[in-house]
Amino acid sequence: MTPKEVKKYYRNQYNFHKETGMSMSSLGNWIKWGYVPFMSQKKIEGLTKGMLKAEWDDKNDGSGTPRA
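These lines cover the structure that appears in this document, whether it is placed above or below. Remember, it's a predicted structure, so these values are computed and weren't measured experimentally.

## Some points on the overall build of the protein chain
What the protein chain contains, in helices and strands, is four helices and zero strands. The order of helices and strands in the protein chain, counted from the N terminus, is α-α-α-α. The buried share of the protein chain, taken over its 68 residues, is 32%. Of all intrachain contacts in the protein chain linking residues separated by at least 6 positions in sequence, the fraction that spans at least 24 positions is 48%.

## Here we look at the nonpolar core
M1, V6, Y10, F16, M22, L27, W30, V36, I44 and L52 form the largest nonpolar core, which has 10 residues in total. The set of elements that each furnish at least two residues to this core consists of helix 1 (3-10) and helix 3 (24-33). Apart from residues no more than four positions distant in its own chain, V6 is found in contact with M1, F16, L27, W30, V36, I44 and L52.

## Description of the packing of helix 2 (residues 13-20) against helix 3
Contact pair helix 2 / helix 3: the axes reach a minimum separation of 7 Å and the direction vectors enclose 120°. Here helix 3 runs oblique to helix 2, going by the angle between their axes. Helix-helix and strand crossings are classified by hand; for helix 2 and helix 3 the assignment is right-handed. Contact residues: Q13, Y14, F16 and H17 in helix 2; M24, S26, L27, G28 and W30 in helix 3. Per-class residue counts for the contact of helix 2 with helix 3 are five nonpolar, four polar and no charged.

Rules of the game
- Residues numbered from 1 in each chain as written.
- Predicted model: local features only at pLDDT ≥ 70, side-chain atom pairs only at ≥ 80, totals over all residues.
- Heavy atoms only, no water.
- Helix = DSSP H or I, 4+ residues; strand = E, 2+ residues; numbered from the N terminus.
- Buried < 20%, exposed > 50% of the residue type's maximum accessible area, 1.4 Å probe, protein only.
- Contact = heavy atoms within 4.5 Å.
- Core = buried A, V, L, I, M, F, W, Y, C linked by side-chain atoms within 4.5 Å.
- Axes fitted to C-alpha atoms, helices over the stretch in contact; angles between N-to-C directions.
- Parallel < 35°, antiparallel > 145°, perpendicular 65-115°, else oblique.
- Left-handed = near helix turned anticlockwise from the far one by under 90°.
- Nonpolar A, V, L, I, M, F, W, Y, C, P; charged D, E, K, R; others polar.

Any functional reading would require information beyond the geometric quantities listed.
What follows is the structure, encoded as structure tokens:
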């Protein structure tokens, strides 16, 4: 899943925070980085009952730290 897909699904950072329990700044960081960390994707996939699917990519080591 991409940060844009997450933003579209939750509509705004407040709804994202309210429904996931993750910080509002997380979504902003993911948009800046261009990806959602894999472990966060897995959590969101479960919360959305598969509406958003977790996908691995080479930039994403799951740590939440952006990689070049």
